[in-house]
Amino acid sequence: MDANELLERYAAGERDFRDTDLFRADLSNAELSGVSFFRTSLFGANLFRAKLIGCDFFRSTLIGANLYCANLSGANLTGANLTGANLSGADLSGADLTDADLGGADLSYATLHYTDFTGANLFRAMLVDAKLNHAKLVRVRLRGANLNGAIMEGAILSKLMGISEEEKQDLIDRGAVFQELTEAVPSPIA
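Residues numbered from 1 in each chain as written. Predicted model: local features only at pLDDT ≥ 70, side-chain atom pairs only at ≥ 80, totals over all residues. Heavy atoms only, no water.

The name given to the chain in an unreviewed UniProt entry is Pentapeptide repeat-containing protein, and the organism recorded there is Laspinema palackyanum D2a.

If you want it as structure tokens, here you go:
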């Protein structure tokens, strides 16, 4: 399927594009809110300033995708591969990035309020001046991530991997809250 066919089908009311191959598709400035891109390949796709509110990208491939200033608020990106993607200036407020791979991704100036990064890989990700207010970062790999100027007010952090004590203290000084979460212990059967 190419970008024009997808846009025509969207305009006709179709919203389910699961398991579709949209390799390097140009969907810049497209209005695609509410679409299911479940396990879709958007490798190298151009989604510059696309409106993708509430879209389902579960286990989708967005390697090297251009999502500059895209609106992904409320999107499900669970298990998505966003390695090397450009998400600078994007709005991911309330998005679910559980177990997503954001290695080397650029999230500079992104709005990430209430975003869930549980189990995500942020190895060498750029989060310069990102807004992470009330974001959830639990079991996140942060080695080599650049958080310079990131706003962390109320962000919940726990079991982070790859940061030093000095970096941890810097995040606390910027308003992050470290919680020592314990694994739930099943109750004994009476």
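Following the structure, the description resumes.
Some words on the nonpolar core
The criterion, for reference: Only buried residues count toward a nonpolar core. Its members are Ala, Val, Leu, Ile, Met, Phe, Trp, Tyr and Cys residues joined through side-chain atoms within 4.5 Å. Under the scheme applied here, a residue whose accessible area is under 20% of the maximum for its type counts as buried, over 50% as exposed, and between as partly exposed, the area being computed with a 1.4 Å probe on protein chains only. Helical segments are the DSSP runs of H or I of at least four residues, strand segments are the runs of E of at least two, and each set is numbered from the N terminus. Here, two residues are considered to be in contact whenever any of their heavy atoms come within 4.5 Å of each other.
Within the largest apolar cluster, 59 residues are counted, with the highest numbers of intra-cluster contacts made by L52 and F117. Looking at this core, the element that brings in the most residues is helix α1 (residues 3-11), giving 3 residues. In contact with L52, other than residues within four places in its own chain, are L32, S33, F37, L47, F57, L67, A70, N71, L72 and A75.

Brief notes about the pattern of salt bridges
What counts, and what does not: Salt bridges, as used here, are contacts in which a Lys or Arg side-chain nitrogen is within 4 Å of a carboxyl oxygen on Asp or Glu.
Under the criterion given, the structure shown has 6 salt bridges. Ionic pairing is found between R18 and D16, a salt bridge with its closest N-O pair at 3.2 Å. The class of R18 is partly exposed, set by a relative accessible area of 41%. Residue classification places D16 among the partly exposed residues on the basis of a relative accessible area of 39%.

Points about the environment of L42
Mapped onto the elements of the fold, L42 is located in the loop between α1 and β1 (136-138). Sequence separation of L42 and N81 is 39 residues, and the distance between their C-alpha atoms is 9.8 Å. Leaving out residues up to four positions away in the same chain, L42 has contacts with L22, L27, F37, F57, T61, L62 and A65.

Thoughts on the side chain of S108
Residue position: S108 is located in the loop between α1 and β1. Residue class for S108 comes out buried when judged on its relative accessible area of 8%. With near-sequence residues (within four places) excluded, S108 lies in contact with L87, S88, G89, M126, L127 and V128.

Notes on the packing of aromatic side chains
The line we're drawing: Stacked, tilted and edge-to-face are the three classes assigned to paired rings of Phe, Tyr and Trp, where Trp is represented by its six-membered ring and a pair needs centres within 6.5 Å; plane angles under 30 degrees give stacked, over 60 edge-to-face, the rest tilted. The rule is short: NZ of Lys or CZ of Arg within 6 Å of the ring centre and within 35 degrees of the ring normal puts a charge over the ring.
Scanning the model with the defined rule gives 5 aromatic pairs in all. Summarising the aromatic geometry, the rings of F37 and F57 are spaced 5.3 Å apart at their centres and angled 25 degrees between planes, so their arrangement reads as stacked. Separated by 20 residues along the polypeptide, F37 in the loop between α1 and β1 and F57 in the loop between α1 and β1 bring together distant segments of the chain. Note on accessibility: F37 and F57 belong to one class, buried. An aromatic cluster is defined as three or more aromatic residues linked by ring pairs; in this entry it consists of F17, F37 and F57. Cation over ring: R15 sits above Y10, and NZ or CZ is 3.6 Å from the ring centre. Taking NZ or CZ as reference, R18 lies 4.8 Å from the ring centre of F38, over its face.

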